[in-house]
Amino acid sequence: PAKPARPPFWPAARMEAQKLQLVVRNCVQKTLELVLRARVPLGRGTPNHWFNLESEEVACVRDRLEGWKQRISQPLQLDIFIDTSSSAVRAAVGAQPNEPHLVLLERWTLRYEPAPHAPEAIGWPTFYKRFMVLLRSLAAFLRLMPAHRLASSLGRLGHASDAPALGFRVCIGGPHGGRGSRAL
């Protein structure tokens, strides 16, 4: 039996789709890195220069995203929380003894919804520049949000008391449908 004929653009369209997935994966990873670096005190990481915006990779996030990279249409959820189990942190944020020790500060949900058909031609320079503008805007906006001042204050307090006050969790598949990871 004869094989079905492939359209002449099939290899090019497949390369475009793979390139698109690479750009989306790196944009999502860069977004998570920017949010985490702005909120949670983390150790040094390797430089990441994607989107002409220098940041440091967060190794545990990179490792956590390995499984997600095969199914990038699944939503990702990033939770930033405060651990108020230390008395110094409880006093700093005004937490009452009967309140829970983990308090959600921010929740970020990232979702990529691919087009129903493979892309045929993408204007890569314009496409990439739009992501650059989006990520630079996010980096600036992170410092304008209410959580920034609190995270900065808790970061200084954490250095003084040796108690990590801020933590995060990355969930794949949304808040109830996926596996999570937690780091303090």
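In the block above lies the structure referred to throughout.
Notes on the structure in this doc start here. All values derive from a computational prediction rather than experimental measurement.

About the thresholds
- Residues numbered from 1 in each chain as written.
- Predicted model: local features only at pLDDT ≥ 70, side-chain atom pairs only at ≥ 80, totals over all residues.
- Heavy atoms only, no water.
- Helix = DSSP H or I, 4+ residues; strand = E, 2+ residues; numbered from the N terminus.
- Contact = heavy atoms within 4.5 Å.
- Areas by Shrake-Rupley, 256 points an atom, 1.4 Å probe, with all protein chains shown as cover.
- Phe/Tyr/Trp six-rings, centres within 6.5 Å; stacked < 30°, edge-to-face > 60°.
- Buried < 20%, exposed > 50% of the residue type's maximum accessible area, 1.4 Å probe, protein only.
- Pairing = 2+ DSSP bridges.

### Concerning the overall build of the protein chain
Alright, step 1. Along the protein chain, the regular secondary structure elements total six helices and six strands.
Alright, step 2. From first element to last, N terminus to C terminus, the protein chain shows the α and β order α-β-β-α-β-α-β-α-α-β-α-β.
Alright, step 3. Taking all contacts inside the protein chain whose residues are at least 6 apart in sequence as the whole, residues at least 24 apart take part in 69%.
Alright, step 4. For the protein chain, the exposed area adds up to about 11200 Å²; of that, 57% sits on carbon and sulfur atoms.

### Re the packing of aromatic side chains
Alright, step 1. Counted under the stated rule, the structure contains six aromatic pairs.
Alright, step 2. Both rings, one in Trp50 and one in Phe51, keep their centres 5.5 Å apart while their planes meet at 50 degrees; by these two values the pair is tilted.
Alright, step 3. Classification of Phe51 by relative accessible area gives buried; the value is 0%.
Alright, step 4. Between Trp50 and Tyr128, the aromatic rings sit 6.2 Å apart at their centres with planes inclined by 50 degrees, giving tilted as the arrangement. Placement of Trp50 in the loop between β1 (47–48) and β2 (55–56) and of Tyr128 in helix α4 (residues 124–142) is noted, with a sequence separation of 78 residues between them.
Alright, step 5. Classification of Tyr128 by relative accessible area gives partly exposed; the value is 24%.

### Looking at the pairing of strand β5 (residues 166–172)
Alright, step 1. Most of β5 is tucked away: six of the seven residues are buried.
Alright, step 2. Here strand β3 (residues 76–83) pairs with β5 via seven bridges, running antiparallel. In the sheet register, Ile82 faces β5, and the bridge partner there is Leu166.

### Structural notes on the pairing of β3
Alright, step 1. The buried fraction of β3 is high, at eight of eight residues.
Alright, step 2. With eight bridges joining them, β3 and strand β4 (residues 102–110) adopt antiparallel strand pairing. Residue pairing in the sheet places Phe81 in a bridge with Leu104 of β4.

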